[in-house]
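Residues per chain are reported as follows:
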Amino acid sequence: QSIDIHIRILFSIFLVILGAGIVGVNSATEPLPPNVRLTNEAWKAYDNKKYDQAIKKAEECIKEFERDAIPEQKELEKSNAPLPPLGKVSEEEKKTIFNRGLLNDVATCWLIKGLSLEKLGRIQEAIRAYCKAATFTYALTYDPSWDGFWSPSKKAKNSLSYLNGTCE
């Protein structure tokens, strides 16, 4: 339950960032990129306890953008790039992290899908979604309440541990 509260707080913060344009990707008159819009819609549905809708929006983002996120993750692994830092980072590091938008959103959507499936009592499916989220170790999500980043991969691994779930 504490994970649920934390996720809701993060979602609320995420909406504030998007509304304020802090992400810096778009001006107020430009539409959000599809990956950001779908992730935002998935979080909103999750926050409103519309878990089936959250899953649907998360799956739309995954279906559309995972094919680009996977090679990005693999390339970072292959090049032995250092994992992005958690917490507060420099402006230059923020740009690097935000430039991995598809990777970040796909990982986040796998996490949202897992959280939603867990809420629906579909534990084995949730474990599979968490396993997918856990693979995106270079993805991060911004939390402006402390001006830092957290890892959807690590959150997924925590959920797997809580559920005694294992990945194949």
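Residues numbered from 1 in each chain as written. Predicted model: local features only at pLDDT ≥ 70, side-chain atom pairs only at ≥ 80, totals over all residues. Heavy atoms only, no water.

Examining the overall build of the chain
Heads up, the condition is: By definition, any uninterrupted DSSP run of H or I lasting at least four residues is a helix, any uninterrupted run of E lasting at least two residues is a strand, and each is numbered from the N terminus. Whether a residue is buried, partly exposed or exposed follows from its accessible area with a 1.4 Å probe, protein chains only, as a fraction of its type maximum: under 20%, in between, or over 50%, in that order. In short, Shrake-Rupley with a 1.4 Å probe defines the accessible areas, and a residue's cover is counted only from the protein chains shown.
In terms of helices and strands, the chain carries seven helices and two strands. Along the chain direction, N to C, the helices and strands of the chain fall in the order α-α-α-α-α-α-β-β-α. Split into buried and exposed, the 168 residues of the chain put 46% on the buried side. By element, 52% of the accessible surface of the chain is carried by carbon and sulfur atoms, the whole surface being about 9,000 Å².

A look at the packing of helix H6 (residues 123-135) against helix H7 (residues 152-162)
Applicable threshold: Each axis is a line fitted through C-alpha atoms, taken for helices only over the stretch in contact, and angles between the N-to-C directions span 0 to 180 degrees. A clockwise turn of the near helix away from the far one marks a right-handed crossing, whereas an anticlockwise turn of less than a right angle marks a left-handed crossing. Residues are treated as being in contact if the distance between any of their heavy atoms lies within 4.5 Å. Ten residue types, Ala, Val, Leu, Ile, Met, Phe, Trp, Tyr, Cys and Pro, are classed as nonpolar, four, Asp, Glu, Lys and Arg, as charged, and the remainder, Gly among them, as polar.
At a minimum axis separation of 8 Å, H6 and H7 run at an interaxial angle of 145°. Considering the relative orientation of H6 and H7, their crossing is left-handed. Contacts between H6 and H7 involve Ile 127, Tyr 130, Cys 131, Ala 133 and Ala 134 from the first element and Ser 153, Ala 156, Lys 157, Ser 159 and Leu 160 from the second. Grouping the amino acids of the contact of H6 with H7 by side-chain chemistry returns seven nonpolar, two polar and one charged.

Let's talk about the environment of Ser 159
Checked against the element boundaries, Ser 159 lands in helix H7. The buried category is assigned to Ser 159, whose relative accessible area is 3%. Once the C-alpha coordinates of Ser 159 and Ile 127 are considered, the two residues, 32 residues apart in sequence, prove to be 8.2 Å apart.

What to know about the packing of aromatic side chains
As a reminder of what qualifies: Stacked, tilted and edge-to-face pairs are distinguished by plane angle, under 30 degrees for stacked and over 60 for edge-to-face with tilted covering the rest, among Phe, Tyr and Trp rings (Trp via its six-membered ring) whose centres lie within 6.5 Å. By definition, being over a ring means that NZ of Lys or CZ of Arg is both within 6 Å of the ring centre and within 35 degrees of the ring normal.
Tallied over the entire structure, the rule returns three aromatic pairs. Here the aromatic residues Trp 43, Tyr 46 and Tyr 51 are joined through ring pairs into a cluster of three or more. Above the ring of Trp 150, the side-chain terminus of Lys 155 is found at 5.8 Å from the ring centroid.

Describing the side chain of Thr 39
When you line up the elements, Thr 39 lands in helix H2 (residues 34-47). According to the relative accessible area criterion, Thr 39 is buried, its value standing at 1%. The residues contacting Thr 39, other than those within four sequence positions of it, are Cys 61, Asp 105, Thr 108, Cys 109 and Ile 112.

Function-wise, these values are silent; they only describe arrangement.
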